[in-house]
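Next come the chains, spelled out residue by residue.
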Amino acid sequence: MITDRLMSVGEWGLELVPNAPESARAAFDFGHNIFVTPTRFDRSVSFATLKTASVYAGLVFRIGGGRKRFGGPGLLGYLTTGKGEATDDVTSARPAGFGPVAYGAFLSAMVTARSLNGLTAGTGYSATATTATVLSGAYGPPVKSILDTVAVATGNEYKVKPNGAIDYGVSTSLFRSTPTVAVAPGLKGADAALRVLEATAWDVERNIDNYRNTATVYTNDGSYYNNSYSASGVVFGRYGGAATYAAYSATATVESNTHAEVDATVIAMAALYTSPAMEIDCSVREYCIPRFVTPGDWIWVYSVDDGLTDTANQVVFNGQTLFPKKVRCVGYSWPLEAGMGVYTYDTTGGTVTDVSDYVQWETGKDTTLELDSKPQSILDAGVRSVLL
């Protein structure tokens, strides 16, 4: 099973058949690469071919089960390991002094400094020109946290491809923002450019477990505050009565100047968690899901009973008009199935080994989709967005 998530390391795991020969078991060693292809190639496949033809690439970090069970992270594992080299030049991995830097320039500097363990800077997709102030200092491995920090600060996201290139840019350009895949319980198949995945498990739950309709903001020196109440979203009365309140924003200040930004912020915060949070439990049956969706892409979801409709979106599927909701796929877990190719690459010896004959396939298992939902708390706000 392979798990992949947006801007996350993810993980993979597989087992070999009980009678797997020593040559197959020896092909999995610490630090080796693993590649998965939608179909199997001949045994003379090269490393260069695997980098461009694979739908997944990862690292061997775990060995067990009598050397028949293996696992590890995806290629972003190179950014979370403390592995470095004697020739690393960490001083060139950041601008001199305390200067601002755009994301693409910072990523390229990390490559120059060999801090990315062989991963490269890929293509920028409408990357923002926003800069982040990067402190002077040595950024040696592991470096994923600093790449994440600079990405968030500059308004960019990134993804690593099996060829080792890290593409980056704004989410709507880096990923597929016009859906070509849909999930609509009861429907399946392909029609023109739209593929509807067969839903094998589907449940939608809305909750107000973390409901909040008030917020207070103070200035650093305490000279000004704003306390706001929101009447948007779910409104319910107090115990023993149906009384509700109109929205208000009360302020106090000892200064004469205005604080428009503070006022706007507290009003927005008061309304942020008044609407129900949504949890979507979705599994589908689809061979090799990365062929159609990658974590970060937007997809259509349609379920009238669950309120997942939007009249602003009109999609025709096999003569039926749907009005689906646009939701982001932020991750998934998918099985290794018969017909795929599994290969390992010895990063020190340069040898490719085809182990496809000895993998215990997970044919028949479902793919679980992780669909974006409304943030449950302020801590989620940076990684989970409201349904569009």
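Here, every reference points to the structure presented above.
Residue numbers here run from 1 along each chain, matching the order of that chain's written sequence. In keeping with the predicted nature of the model, local features appear solely for residues at pLDDT of at least 70, side-chain atom pairs appear and are counted solely at 80 or more, and the whole-chain, interface and lining totals rest on all residues. Each side-chain value is worked out from all heavy atoms of the structure, with water and hydrogens disregarded.

## Section: the sheet that holds strand β24 (residues 352-354)
Phase 1 of the analysis: Pairing in this open sheet of 4 strands is antiparallel, and the strands run β4-β3-β23-β24 from one edge to the other. On the outer flanks of this sheet lie β4 (56-59) and β24, each paired with one strand and no other. Averaged over all neighbouring strand pairs, the angle between strand axes comes to 25°, with direction disregarded.
Phase 2 of the analysis: Here the rule is simple: two strands pair whenever DSSP picks up at least two bridges between them. Each helix is a run of H or I in the DSSP string that is no shorter than four residues. Each strand is a run of E no shorter than two, and both are numbered from the N terminus. Looking at chain direction, strand β23 (residues 341-345) and β24 are connected through 3 bridges and run antiparallel. When the sheet's bridge partners are listed, Y343 is paired in β24 with D354. With axes taken as lines fitted to C-alpha atoms, and helix axes fitted only over the stretch in contact, angles between N-to-C directions fall between 0 and 180 degrees.

## A short note on the pairing of strand β22 (residues 325-334)
Phase 1 of the analysis: Within β22, 8 of the 10 residues are buried, leaving the element largely enclosed by the surrounding structure.
Phase 2 of the analysis: Judged from the 4 bridges that link them, strand β1 (residues 2-5) and β22 form a sheet pairing that is antiparallel. The partner of T3 across the bridge, within β22, is S333.
Phase 3 of the analysis: Of the strand pairs in this sheet, strand β19 (residues 298-301) and β22 are connected by 4 bridges, and their pairing is antiparallel. A 1.4 Å probe rolled over the protein chains alone gives each residue an accessible area, and that area as a share of the maximum for its type sets the label: buried under 20%, exposed over 50%, partly exposed in between.

## Concerning the packing of aromatic side chains
One pair of aromatic rings is described through two measures. These are the centre distance and the angle between the planes.
Phase 1 of the analysis: Pairing of aromatic side chains here covers Phe, Tyr and the six-membered ring of Trp, requires ring centres within 6.5 Å, and sorts the geometry by plane angle: under 30 degrees stacked, over 60 edge-to-face, intermediate tilted. By the definition in use, this model includes 4 aromatic pairs.
Phase 2 of the analysis: Grouping aromatic residues by their ring pairs yields a cluster made of F35, F47 and Y345.
Phase 3 of the analysis: When the NZ atom of lysine or the CZ atom of arginine is within 6 Å of a ring's centre and also within 35 degrees of its normal, the charge is said to sit over that ring. A cation over a ring is seen here: K326 above W298, with NZ or CZ 5.9 Å from the ring centre.
Phase 4 of the analysis: Its guanidinium or amino end placed over the ring of W298, R328 lies 4.4 Å from that ring's centre, counting from NZ or CZ.

## A look at helix α4 (residues 103-112)
Phase 1 of the analysis: By the burial criterion, the buried members of α4 are Y103, G104, F106, L107, A109 and M110.
Phase 2 of the analysis: In this description, contact between two residues means that some pair of their heavy atoms is separated by no more than 4.5 Å. Contact partners of the buried residues in α4: β7 (100-102), β8 (120-125), α5 (144-154), β10 (157-160) and β11 (165-169).
Phase 3 of the analysis: One or two residues past the end of α4 sits R114, with phi positive at roughly 60°.

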